[in-house]
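Working through the structure, step by step
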Amino acid sequence: MNWFQTLFLEHSVANSLLIISLVIAVGLTLSKIKMGRVNLGVTWILFAGIAVGQLGLSIDATTAHFVKEFGLILFIYSIGIEVGPKFFAAFKSGGLLLNGLAAGIVLLGCLTAFVMQRLTGTEPAAMIGVLYGAVTNTPGLGAAQQAYSDLGAGSSPLFAQGYAVAYPLGVIGIILSITLLRSLFRINLERENELYQRNAARNGIELQRELDAKQGPKTHQPNLFFIFIGIMLGVVLGVLPIHIPGMSVPVRIGLAGGPLIVSILLTYFGPRLHINTYTTESANLMLRQVGISLFMAVVGIGAGQGFLQTIADGGYMWVLYGVVITMVPCLVIGAIARWLCKLSYFTIAGMISGACTDPPALAYSNDICGGSQASIAYTTVYPLSMFLRVLAAQIMVILLCI
């Protein structure tokens, strides 16, 4: 049995492959669990990694760093491929108003986290992790960790620990905010449907029709050249130092932001320059799932060491912080969208779900609407919201950690 113990306990390539694969397999098995309408999905991989790390298992640090960053790049790049064709078009017509409201949710969430960190004295890395768990945004978590590393601070398990503690109630808090808005404004679903149809432009319906009509040429083959040349350019952009007057260290877009920007630009401008940037939906989905699974597994394993002790030492308060960060922006901007902008409840529900980049909340919203009305607002604000979440993560690290 010595060989078997060695496989689990001594760092090697085989050891890393075994533990990472074990964590992903267990996490994906648990991801089938649903609690009502809520499904935590691949976040179970993070929880499985934390459990494995808490048991004392680990992987080689160099291997862990590479797998985590490469997984994050694959995930981020695949998101850029999806949102790129719609990114700039989303500022037309009703999309401008919806994206402005979504940006308000992102900004207010960051401001809430910043104020709470200053008031409570919580470790900055933990509060940033709580922020991104509260808004269920994994790319932002990765961008924050990368920015923290770029500052020369190494790595901190507090990012992932804060994220893991806040995530479950983050999903529930977004859905609860949508439900509270329905009660607050005494929504009648039949009248809301009439309002929704009357305000087609402001609800993003006309914009979505325009986007659907602008589908580029499609093939059945995955475009691997576009994927890897884009990643290469994204890495170069990500590590490029940007000197800002008044700051002691140069700012970098990072290995999360660089590939995201490049993928958005290539997929939007590529067809206009007669460059084939189309990637099949199945290939993009595979790229995304492999990337996020690798990232979640390694982050979880690293965060698991000392996780329970961190919670016992006051980390349980992070749950409360996360609920505040989740619900305050959603309720405030949701009320503004209704009172001042006179938007349909269906549109507001989709906009909130998209601003938080949260598929479970979208599924819940569509169930309430009895159709796909919320999906239009979700897809209208999702590209900008995802971009702002990644960018805001790096700004928060600079503000709180320098």
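Presented here is an overview of the structure given in this document. (Residues numbered from 1 in each chain as written. Predicted model: local features only at pLDDT ≥ 70, side-chain atom pairs only at ≥ 80, totals over all residues. Heavy atoms only, no water.)

Further remarks concern the overall build of the protein chain. On a plain count of helices and strands, the protein chain comes out with 18 helices and zero strands. Within the span of the protein chain, comprising 402 residues, buried residues form 53% of the whole. When contacts within the protein chain are restricted to residue pairs at least 6 apart in sequence, those whose partners lie at least 24 apart make up 82%. On the protein chain, roughly 17,600 Å² of surface is accessible, and the fraction owed to carbon and sulfur atoms is 67%. (Helix = DSSP H or I, 4+ residues; strand = E, 2+ residues; numbered from the N terminus. Buried < 20%, exposed > 50% of the residue type's maximum accessible area, 1.4 Å probe, protein only. Contact = heavy atoms within 4.5 Å. Areas by Shrake-Rupley, 256 points an atom, 1.4 Å probe, with all protein chains shown as cover.)

This next bit is on the environment of Val236. Mapping Val236 onto the fold places it in helix α11 (residues 224-239). A residue is classified by how much of its surface remains accessible, and Val236, at 54% relative accessible area, is exposed. Placed 19 residues apart in sequence, Val236 and Leu255 show a C-alpha to C-alpha distance of 8.7 Å.

Counting 98 residues, the largest nonpolar core has Val23, Ile128, Tyr132, Ile178, Ile325, Met351 and Ile352 as its most contacted members. Tallying contributions element by element places helix α8 (residues 158-184) first for this core, with 13 residues. Each residue touching Ile352, except ones within four places of it in the same chain, is listed here: Ile105, Ile174, Ile178, Leu181, Cys330 and Gly334. Counting nine residues, the second-largest nonpolar core is a separate cluster that includes Ile73, Ile227, Ile231 and Leu255. (Core = buried A, V, L, I, M, F, W, Y, C linked by side-chain atoms within 4.5 Å.)

Right, let's get into the packing of helix α5 (residues 95-120) against helix α6 (residues 124-134). One way to put it is that α5 packs onto α6 with a least axis distance of 10 Å and a crossing angle of 150 degrees. Helix-helix and strand crossings are classified by hand; for α5 and α6 the assignment is right-handed. Facing Gly109, Cys110, Ala113, Met116, Gln117 and Thr120 of α5, the residues of α6 in contact are Pro124, Met127 and Leu131. The residue makeup of the contact of α5 with α6, split by class, is six nonpolar, three polar and no charged. (Axes fitted to C-alpha atoms, helices over the stretch in contact; angles between N-to-C directions. Left-handed = near helix turned anticlockwise from the far one by under 90°. Nonpolar A, V, L, I, M, F, W, Y, C, P; charged D, E, K, R; others polar.)

All right, on to the environment of Gly56 then. Take Gly56: it is sitting in the loop between α3 (43-54) and α4 (61-87). By relative accessible area, Gly56 is classed as exposed at 53%.

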